[in-house]
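# Architecture and fold: a report
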Amino acid sequence: MKSIYQILLTCFIFGAIMACENETKICDQTLRNDLHIHFQRDSAGKVKDTVMPKVTAYAFGRDTIYRQQALKDVFFQLSPVDDSSMFYLKVDSTLTPDTLTFRYTRLKHFISPGCGFGTYFTLDTVIATRHTIDSVLINNKSVTSSNDTHLTLFFFNE
């Protein structure tokens, strides 16, 4: 009889851990709404998607997000407690880096009792240095999902 209780208790604990793990995955996916930035370059009069060879990026005051990776898109996590975020972006190891400053408004939204609250962002202003960045196009000011492309960065031809 004792072994049946031990088996049931083990199953109950294992089931609770799996449920918590699943809810954590759901919360992480629901809470993520990174700013999605796409790279393009004008090549022979035609604007084309481009892969930058050695992208390094980080948020000022935080850890490195990308370190010398070939990328055509980057995803930046905006601060849920500030009205602006600033990022360092170097698209090739031989080029001068740029800084990107995003100013936005924040809106808390309720997700679920288990997940709590998340933050939506509405971009107001994008300020970029012009070392390698030619121009910035805001495609979607509303940052509620990482699935949307929020900005396109256009780069000077080499």
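As the structure is a prediction and not an experimental result, all values here were calculated from the model. (Residues numbered from 1 in each chain as written. Predicted model: local features only at pLDDT ≥ 70, side-chain atom pairs only at ≥ 80, totals over all residues. Heavy atoms only, no water.)

## A look at the overall build of the protein chain
Operational definition: The numbering of helices and of strands both runs from the N terminus, where a helix is a DSSP run of H or I of at least 4 residues and a strand a run of E of at least 2. Accessibility here uses a 1.4 Å probe with only protein chains present; expressed as a share of the type maximum, an area under 20% marks a residue as buried, one over 50% as exposed, and anything in between as partly exposed. Whether two residues touch is decided by their heavy atoms; if any such pair falls within 4.5 Å, the residues are in contact. Note that accessible areas follow from Shrake-Rupley with a 1.4 Å probe, and for residues the cover is restricted to the protein chains shown.
Within the protein chain one finds one helix and 11 strands. Tracing the protein chain from N to C terminus, the helices and strands come up as α-β-β-β-β-β-β-β-β-β-β-β. The proportion of buried residues among the 158 residues of the protein chain is 35%. Of all intrachain contacts in the protein chain linking residues separated by at least 6 positions in sequence, the fraction that spans at least 24 positions is 49%. Summed over all atoms, the accessible surface of the protein chain reaches about 9700 Å², with 56% contributed by carbon and sulfur.

## Notes on the environment of S142
With respect to the helices and strands, S142 occurs in strand β10 (residues 142–143). Residue class for S142 comes out partly exposed when judged on its relative accessible area of 32%. Spatially, the C-alpha atom of S142 lies 9.4 Å from that of L35, the residues being 107 residues apart in sequence. If near-sequence neighbours (up to four positions away) are discounted, S142 is found in contact with F121 and H150.

## Observations concerning the packing of aromatic side chains
Counted only if it meets this: Planes of paired rings set the category: under 30 degrees apart is stacked, over 60 is edge-to-face and the rest tilted, where pairs are Phe, Tyr or Trp rings (Trp by its six-membered ring) whose centres lie within 6.5 Å.
Scanning the entire structure with this criterion turns up seven aromatic pairs. Measuring from ring centre to ring centre gives 5.3 Å for F39 and F155, while their planes differ by 85°; the resulting arrangement is edge-to-face. Within this pair, whereas F39 is found in strand β1 (residues 35–43), its partner F155 is found in strand β11 (residues 151–155), the two being separated by 116 residues in sequence. Accessibility classification places F39 together with F155 in one group, the buried group. Here a set of aromatic residues connected by ring pairs shows up, and it is made of Y58, F60 and Y88.

## A short note on the nonpolar core
The line we're drawing: Residues enter a nonpolar core if they are buried and are Ala, Val, Leu, Ile, Met, Phe, Trp, Tyr or Cys, with the set joined through side-chain atoms within 4.5 Å.
Counting 27 residues, the largest nonpolar core has L35, I37, F39, F76, L100 and F102 as its most contacted members. When residues of this core are traced back to their parent elements, those giving at least two are β1, β3 (52–59), β4 (64–71), β5 (73–76), β6 (84–90), β7 (98–112), β8 (116–128) and β11. Among residues more than four places away in sequence, those in contact with F76 are D34, L35, I37, A57, I65, Y66, F87, L100 and F102.

## Some thoughts on unusual backbone geometry
A positive phi angle, near 45°, is found at Q68, a position not held by glycine. As for its placement among the helices and strands, Q68 is situated in strand β4.

## Remarks on the pairing of β7
Consecutive residues of a regular strand have side chains that alternate between opposite faces of the sheet. Rules: Whether two strands pair comes down to DSSP finding at least two bridges between them.
When β6 meets β7, the two strands line up antiparallel, connected through six bridges. Residue S84 lies in a different strand from β7, and its bridge partner there is R103. When β7 meets β8, the two strands line up antiparallel, connected through 12 bridges. Bridge pairing in β8 links T105 to T122. Linking two consecutive strands that pair antiparallel, namely β7 and β8, is a turn of three residues.

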